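Observations on the three-dimensional arrangement
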Amino acid sequence: MWSLSDEKLLAGFASGDPEQGAAFVRRYQARVYGLAVHLLRDPDAAEEVAQEAFIRAWRHAASYDGSRGQVATWLLTITRNLCRDALRSRRGDAVDPELILALAIEDSGPGPEEQAVMDSECDRVREAIWTLPHDQRRALVLAAFLGRTASQISELEGIPVGTAKTRIRTGMRKLRAALEVGYDG
Amino acid sequence: MTAERHCEEFLRLLPELALGIGSDRDRKGVLAHVDQCPDCRRAWEEVSAVAADLLLLAPTQDPPPEFATRVVQRIAAEQAPGRQEGSLHRWRRRLVTAPVAAAAASVLAMGLVGSYVYSTTGDEREIAARYRETLRIADGTYFGALALRGPSGEQSGHVFGYQGRPSWVFVVAPLQGRRPAQLTVVIDTRTAGTLRLGELRPTGDVGTLGVTLPVPFPDVTGLRVVNEGGTTVLTADAPPPP
């Protein structure tokens, strides 16, 4: 089962086959649950969100477009959006973005079944984001993980809104360059 | 404004939109533009890929034991003809509590709700009593709300549904630069295949459609919004049978 590509495993998952479904979940569960538990800081809520993320992936598998990104990032985007929905109904601060970044460096990576592909992808992104200045890294993590808008980042960091937007836009441009993506906006 | 200037303006907005923190108005404008500009569409896809890659930085952590088994069991329960009580109980906690703008049925004419609330605290008995009263109005057996979601799972609209006399759905979806007539609501059913409910009608920035259902509610397995080419652009989950 571990030799199946992500897309083939997703297709098996979507078909409702229990064995392939379990294999699909096990391939990504550490990433999905890891994102949820670090954003929500509540293991029970994180498990509920993580389960829901896989359920939604199963329901929407037919709409997954491989040309637009990996299965992992698609699944993590679903998870991130569910976490944002859950956080909106809660008061109190979300996780410190520095924690996300610090854990990203220390994280030993996913389990052996993902290792061949994911480690190289994660390492690539990890190396790329660490080429950015601290304020741009922080702005991108606040936006990407915690859904903070430029206005909210400006309040949080005590900077003008224009500066917050510049950090986001410049950070993304540098990240794209570091990841060697062709767009030059 | 020249075409190049238009593109420059939109390209500046791409990072925030790709990160999911842009305004609805900006998102609507950009999506309408990239539909018509191949260069900007390519840029949008590249920036979106970078934003998605950021999520790979998320730390990993193993979930509790048997997590995969529980997910597979939930999927099996959704595929079964009847729902397990556990998932139905979970559904019952998702109640609609804010006023709505318009509707085709008498229940909405009573001024019932328009936003989705997931409550894990609060007076469950009071909520249950309100829910029972809502259903009693038109001999209902089910009333709920579902999110409409795009391919990435991001919510983009919602659906209200009522099983009673009559049964109906009320769909609200952002137009995102499209003409309402380009978006059609369809339902997938167990016994009658895919049925067309109608085209969205403009209501400000969104398209809406309120119609009575041509089949019993338990027959509905899914609701989708499709474009002129028949491609699904938004999907709602199937409601549990009452």
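About the thresholds
- Numbers given to residues run from 1 along each chain, matching the order in which its sequence is written.
- To read the labels, note that chains go from A and ligands from 1, taken in the order they are written.
- Under the rules for a predicted model, residues below a pLDDT of 70 receive no local features and side-chain atom pairs below 80 are neither given nor counted, while totals for whole chains, interfaces and linings still include all residues.
- To obtain the side-chain values, all non-hydrogen atoms of the structure were used and water was disregarded.
- Under the scheme used here, helices are H or I runs from DSSP no shorter than 4 residues and strands are E runs no shorter than 2 residues, and both carry numbers assigned from the N terminus.
- Between buried and exposed lies partly exposed: a residue is buried under 20% and exposed over 50% of the maximum accessible area for its type, with that area taken using a 1.4 Å probe on protein chains only.
- Only heavy atoms matter for contacts: two residues are in contact if any of them lie within 4.5 Å across the pair.
- Areas reported here follow the Shrake-Rupley algorithm with a probe of radius 1.4 Å; residue values treat only the protein chains shown as occluding.
- The term buried area means the drop in 1.4 Å probe accessible area that two parts suffer when joined, counted for both and summed.
- When a carboxyl oxygen of Asp or Glu lies within 4 Å of a side-chain nitrogen of Lys or Arg, that pair is called a salt bridge.
- Polar contacts, as used here, are pairs of N or O atoms within 3.5 Å; protein pairs need one atom able to donate a hydrogen and one able to accept it. Residues neighboring in sequence count only if both atoms are side-chain atoms.
- Each aromatic pair joins two rings of Phe, Tyr and Trp (for Trp, the six-membered one) with centres within 6.5 Å, and gets the label stacked for planes under 30 degrees apart, edge-to-face for over 60, and tilted for any other angle.
- One number per residue, pLDDT, summarises how confident the predictor is, and it ranges from 0 to 100.
- Take the buried residues of types Ala, Val, Leu, Ile, Met, Phe, Trp, Tyr and Cys, join any two whose side-chain atoms come within 4.5 Å, and each joined set is a nonpolar core.
- Cysteine sulfur atoms are paired as a disulfide whenever they fall within 2.5 Å.
- The pairing criterion for strands is at least two bridges between them, as found by DSSP.
- Whenever a helix is involved, its axis is fitted only over the stretch in contact; in every case the axis is a line through C-alpha atoms, and angles between N-to-C directions fall within 0 to 180 degrees.

1. Observations regarding the overall build of chain A
Assigned secondary structure in chain A consists of nine helices and zero strands. Element order for chain A, N to C, with α for helix and β for strand: α-α-α-α-α-α-α-α-α. When each of the 185 residues of chain A is scored for burial, the buried share is 55%. Considering only contacts within chain A whose residues lie at least 6 apart along the sequence, 60% involve residues at least 24 apart. Taken as a whole, chain A presents about 8000 Å² of accessible surface, with 48% of it coming from carbon and sulfur.

2. Focus: the overall build of chain B
Counting secondary structure elements, chain B contains seven helices and 11 strands. By sequence separation, contacts in chain B at least 24 residues apart represent 54% of the contacts at least 6 residues apart.

3. Considering the interface of chain A and chain B
The parts lose accessible area when they come together, and the size of an interface is often stated as this lost area. Chain A puts 72 residues into the contact, and the matching count from chain B is 47 residues. Taken together, the two surfaces of chain A and chain B that pack against each other cover about 5600 Å², and 64% of this comes from carbon and sulfur. At the boundary of chain A with chain B, the tally comes to six salt bridges. A salt bridge links E16 of chain B to R169 of chain A; the nearest nitrogen and oxygen atoms lie 2.8 Å apart. The interface formed by chain A and chain B includes nine residue pairs in polar contact (both at pLDDT 80 or more). Tallying contributions element by element places helix α2 (residues 18-40) of chain A first for the side of chain A that touches chain B, with 13 residues.

4. Side note on the packing of aromatic side chains
According to the stated counting rule, one finds five aromatic pairs over all chains in the structure shown. With a centroid separation of 4.4 Å and an interplanar angle of 15°, the aromatic rings of F13 of chain A and F24 of chain A are classed as stacked. Highlighted residues: F13 of chain A in helix α1 (residues 6-14) and F24 of chain A in helix α2, separated in sequence by 11 residues. For the ring pair F54 of chain A and F67 of chain B, a centre distance of 6.0 Å and an interplane angle of 65° mean the geometry is edge-to-face. In this pair, F54 of chain A sits in helix α3 (residues 43-59) while F67 of chain B sits in helix α4 (residues 67-79), so the two residues belong to two different chains. Using a relative accessible area of 1% as the deciding quantity, one classes F67 of chain B as buried. Following the ring pairs from residue to residue traces out a cluster consisting of F13, F24, Y28 and F54 of chain A together with F67 of chain B.

5. Concerning the confidence of the model for chain A
Summary statistics for chain A give a mean pLDDT of 82 and a share of 79% for residues scoring 70 or more. Predicted confidence is poor over residues 106-111 of chain A, with pLDDT under 50, and the contacts of this stretch with residues over four places away or in other chains come to 10 contacts.

6. Remarks on the nonpolar core
Core analysis: the biggest nonpolar cluster contains 81 residues, and F13, F24, F54 and F145 of chain A together with L19 and L54 of chain B have the highest contact counts within it. Not counting residues within four places of it along the chain, the set of residues in contact with L54 of chain B comprises V125, I129, L140, A144, F145, M172 and L175 of chain A together with L19 of chain B. Counting residues in each nonpolar core, the second largest holds 33 residues, with V159, W168, V211 and L213 of chain B among its members.

7. Things to note about the state of the cysteines
Evaluated as defined, the whole model comprises zero disulfides over all chains. Cysteine C40 of chain B shares no disulfide, and the gap to the nearest cysteine sulfur, in C7 of chain B, comes to 3.6 Å.

8. Observations concerning the sheet that holds strand β6 (residues 184-189) of chain B
All names here are of chain B. What the nine strands build is an open sheet, ordered β7-β6-β10-β11-β3-β4-β5-β9-β8; its pairing is antiparallel. Looking at the sheet topology across the chains shown, the edges are occupied by β7 (193-199) and β8 (201-203). Looking at each pair of strands side by side, their axes are set apart by 25° on average, direction ignored. Across four bridges, the pairing between strand β10 (residues 220-226) and strand β11 (residues 232-236) is antiparallel. Each bridged residue has a counterpart across the sheet, and for L223 the counterpart in β11 is A236.

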